[in-house]
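Geometric and topological summary
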Amino acid sequence: MYQKVVVIASAIALVAPCAAFAHHSFAAFFTSDKIVEVKGKVTSFRFQNPHGTITLEVPAEGGGVREWRVETNAPVVLMRRGWSRTSLKPGDIVTIDGWPARDGKPYLRLRQAFDANGKRIGSAPFDTSG
């Protein structure tokens, strides 16, 4: 019995740092003093913990497309704001605004999203607290 407890405790000790890293601070990755807006075609929407993700193909300046990734809140928070796992589908055209990545990569934290007709997806914009 003692060995079983030691093995379980050791496994938890090894996995805990990974889980803590996976759920990072907003301020570590995103800047809160600027909002960026992108419009493009949804290529994927992952409605999963700890954060969902939206991937978009956005027309690039000078031609071509650039892939943008958008991090969302956890599904439980999205659902409280009127989102579901079917809110976005590949091929949907959306406009998303959010807080940009500190490192300049094409990566945003979702503030709000609108469908091709300008209708807000969900009930209200998110803020930097959650």
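Each remark here, short or long, concerns the structure printed above.
Residues numbered from 1 in each chain as written. Predicted model: local features only at pLDDT ≥ 70, side-chain atom pairs only at ≥ 80, totals over all residues. Heavy atoms only, no water.

Side note on the pattern of salt bridges
Counting across every chain of the model gives five salt bridges. Between arginine 109 and glutamate 71 there is a salt bridge, with its nearest N and O atoms 2.6 Å apart. Taken together, the positions of arginine 109 in strand E5 (residues 107–114) and glutamate 71 in strand E3 (residues 65–71) put the pair 38 residues apart, joining distant regions of the chain. We note that arginine 109, like glutamate 71, is buried. The salt bridge partner of lysine 105 is aspartate 103, with a shortest N-O separation of 3.9 Å. Lysine 105 sits in the exposed class, given a relative accessible area of 54%. Overall, the relative accessible area of 52% leaves aspartate 103 in the exposed class. (Salt bridge = Lys/Arg side-chain N within 4 Å of Asp/Glu carboxyl O. Helix = DSSP H or I, 4+ residues; strand = E, 2+ residues; numbered from the N terminus. Buried < 20%, exposed > 50% of the residue type's maximum accessible area, 1.4 Å probe, protein only.)

Some remarks on the pairing of E5
In the case of a regular strand, side chains alternate between the two sheet surfaces. Counting buried positions over the eight residues of E5 gives six, a clear majority of the element. Relative to E5, E3 runs parallel, the two being bridged by three bridges. Counted as the bridge partner of glutamate 71 is arginine 109 from E5. Pairing between strand E4 (residues 93–100) and E5: six bridges, direction antiparallel. Pairing of aspartate 97 across the sheet is with glutamine 112, part of E5. Here E4 hands over to E5 after six residues, with glycine 104 in that stretch at a positive phi of 85 degrees. As paired elements, E5 and strand E6 (residues 120–121) share two bridges and run antiparallel to each other. (Pairing = 2+ DSSP bridges.)

Structural notes on the environment of arginine 81
You can see arginine 81 is positioned in the loop between helix H3 (75–80) and E4. With 42 residues separating them along the chain, arginine 81 and serine 123 place their C-alpha atoms 5.2 Å apart. Among residues more than four places away in sequence, those in contact with arginine 81 are Gly122, Ser123, Ala124, Pro125 and Phe126. (Contact = heavy atoms within 4.5 Å.)

A word on the pairing of E4
For E4, the tally of buried residues reaches seven of eight residues, placing the bulk of the element in the interior. Bridge count between strand E1 (residues 36–46) and E4: six bridges; the pairing is antiparallel. Note that in E4 the partner of lysine 39 across the bridge is threonine 95.

What to know about the nonpolar core
Formed by 20 residues in total, the largest nonpolar core has its most connected members in Val38, Ile54, Leu56, Trp83, Leu88, Ile96 and Leu110. Those elements that place two or more of their residues in this core are E1, strand E2 (53–59), E3, E4 and E5. (Core = buried A, V, L, I, M, F, W, Y, C linked by side-chain atoms within 4.5 Å.)

Concerning the side chain of threonine 72
Relative to the assigned elements, threonine 72 resides in the loop between E3 and H3. Each residue touching threonine 72, except ones within four places of it in the same chain, is listed here: His51, Gly52, Thr53, Ile54, Leu78, Arg109 and Leu110.

Considering the packing of aromatic side chains
Two numbers describe a pair of aromatic rings. These are the distance of the centres and the angle of the planes. With the rule as written, the count across this model stands at three aromatic pairs. Ring centres of phenylalanine 30 and tyrosine 107 lie 5.2 Å apart, and the angle between their planes is 40 degrees; this geometry places the pair in the tilted category. Of this pair, phenylalanine 30 sits in the loop between helix H2 (26–29) and E1 while tyrosine 107 is found in strand E5, placing the two residues 77 residues apart along the sequence. Both residues of the pair, phenylalanine 30 and tyrosine 107, count as buried. Through a chain of ring-to-ring contacts, the aromatic side chains of Phe45, Phe47 and Trp83 assemble into a single cluster. (Phe/Tyr/Trp six-rings, centres within 6.5 Å; stacked < 30°, edge-to-face > 60°.)

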